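Each chain, letter by letter, is given below.
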Amino acid sequence: AAAAAAAAAAGSSSSSSASSSSSIPVVLRSIGGLRTAFGGEMPTTLSQSSIGTAFNRLSRGGGGAGKKLAVCAVVTAATATATTIVSNVDYIRTWWQQKKDPEGGGIAERRQRNRLPLPLTGQNKKAAQLSKEVRALDQRGQVFKAKALLMANKDINFTNPDDIRLKNAVLQRADDAQAIMREISDDSSWVKSYDNNEEQFETLYRHRQGEAVHGIKMRAVFNSSVTNVLAVLREFDLTQTWNGNMKGAAQLGFPSPVSVQAYGAGFMPWGPFKTRDVLFNGYGADALDEHGCVTLVFQSTKKAMCALPPISKHCVRADFRRSGVVLEPLPPIPGAKTRVLASLVLNGDPKMAVPGWLASFGLKVFAPKVKRDTDELLAEMQEDMSSPYVMRKKQYPELYAMLDDRCEEYLSRTSRAFPMK
């Protein structure tokens, strides 16, 4: 982006395009030079004064207008995450031609015509502060607090495209998490396929005639912590180490500390059908203060963040519609210091015709085994500090340690009745 902006800036200068062509690579090679221009660190906002400071420091060595314009373009591109950004090369060029009177000579008209942001004052300062606070909450998974903050400040309008995208994403994540919690709590359209009070485990099934999507719902109490169960779900690449039905599993990326993109390929137990795989995005919502739970939402995506495992070439791609998991920390009981009620709702299209009775029967047969295998895995995590899951948790204290503290604080101030009937 910096290279393109610099080239555009140099090309737009008729006075010294030839002299600037040799200086542009020098500018592009030195991000350190940009930091020096800003006095040691990049600015959090981009304003006329900060561009002016950088311009003067970087252009002391001489060079024509083309070089100076390239410098401005590179500075602009390098601070693309700034709260307020001057993104129009023509605006930069004209401004410097009239730098003695930056608000005169048609600048205001050009800014209005190109819809350029005003300097960071008044309303823009409030928007910048609000964006900073919302982003910090979103990075911790506290999307309900972020949504509440946005709703309480409806009078503040975002003009920065990044801030607008952040606002829309936060509102969507909060709505999706709320929808998952509602779906898990409402069993009116579901048929129970397995129920074992002694195991504290039940499964339900839903399929509407004529639809390709099959619904699976599970509820189970585990004598473990919220973060241990979360690790089993989030560290998806480790699933293959204990689940024999997984033929491939990978983590493809982490857009934020509370989000992940993952890939999984699962063996099909019925007849000669090809292995199904799925590519999905997932994120977590800390709703302990609002709803007494941590909610995970996941859904299929078509765009992978990196190359998929080789097995993907031999699979049929299934589709996860909006699905999720709700983890509710429970008070300790004798023999179980930490407990969690985990509720899963999975809405998926296996890309094959599956009779409802067969899917329900398969769920009844295979789900209890998955529950027992998960119990064994969680017990191992509590006893063996060298477990791959335990080691992985230590690598991400900003997520797991933080959430352990949140759950402990939540349980210390509230007592919940056992929610499974």
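To be clear, the structure that these remarks concern was listed above.
Residues numbered from 1 in each chain as written. Predicted model: local features only at pLDDT ≥ 70, side-chain atom pairs only at ≥ 80, totals over all residues. Heavy atoms only, no water.

Asks: Quick question: what am I supposed to make of helix 15 (residues 388-395) here?
Replies: Given 3.6 residues to a turn, an α-helix orients residues that are three or four positions apart in the same direction. Among the residues making up helix 15, those that are buried are Tyr389, Val390, Arg392 and Lys393. An end-on view of helix 15 places all buried positions within 160° of arc, on one side of the element. Summarising the geometry of helix 15, the exposed residues directed more than 90 degrees from the buried face are Lys394 and Gln395. Where helix 15 is buried, its residues contact helix 12 (226-234), strand 4 (246-256), helix 14 (356-383) and helix 16 (400-413). (Buried < 20%, exposed > 50% of the residue type's maximum accessible area, 1.4 Å probe, protein only. Helix = DSSP H or I, 4+ residues; strand = E, 2+ residues; numbered from the N terminus. Arc of directions from axis to C-beta. Contact = heavy atoms within 4.5 Å.)

Asks: Mind showing me how you'd approach the packing of aromatic side chains here?
Replies: The geometry of an aromatic ring pair is captured by the separation of the ring centres together with the interplanar angle, meaning the angle of the planes. A full pass over the atoms with the stated rule returns six aromatic pairs. Within the aromatic cluster, the residues linked to one another by ring pairs are Phe236, Phe280, Phe298 and Phe320. The ring of Tyr283 carries Arg173 above its face, with NZ or CZ at 5.9 Å from the centroid. Between the NZ or CZ atom of Arg234 and the centre of the ring of Tyr396, over which it lies, the distance is 4.7 Å. (Phe/Tyr/Trp six-rings, centres within 6.5 Å; stacked < 30°, edge-to-face > 60°. Lys NZ or Arg CZ within 6 Å of the ring centre and 35° of its normal.)

Asks: Would you mind going over the pairing of strand 10 (residues 323-330) with me for this structure?
Replies: A regular strand places its side chains so that they alternate between the two faces of the sheet. Across the eight residues of strand 10, eight count as buried, placing the element largely inside the fold. Residues of strand 10 alternate between two faces, with Ser323, Val325, Leu327 and Pro329 on one and Gly324, Val326, Glu328 and Leu330 on the opposite face, all of them buried. The pairing of strand 7 (residues 293-300) with strand 10 spans five bridges and is antiparallel. Residue pairing for strand 10: Val297 is matched across the bridge by Gly324. As defined by bridge partners, strand 10 adjoins strand 11 (residues 339-349) across seven bridges and the pair is classed as antiparallel. Each residue of the ladder has a partner; that of Gly324, found in strand 11, is Val345. (Pairing = 2+ DSSP bridges.)

Read these as layout, nothing more, since geometry by itself doesn't imply function.
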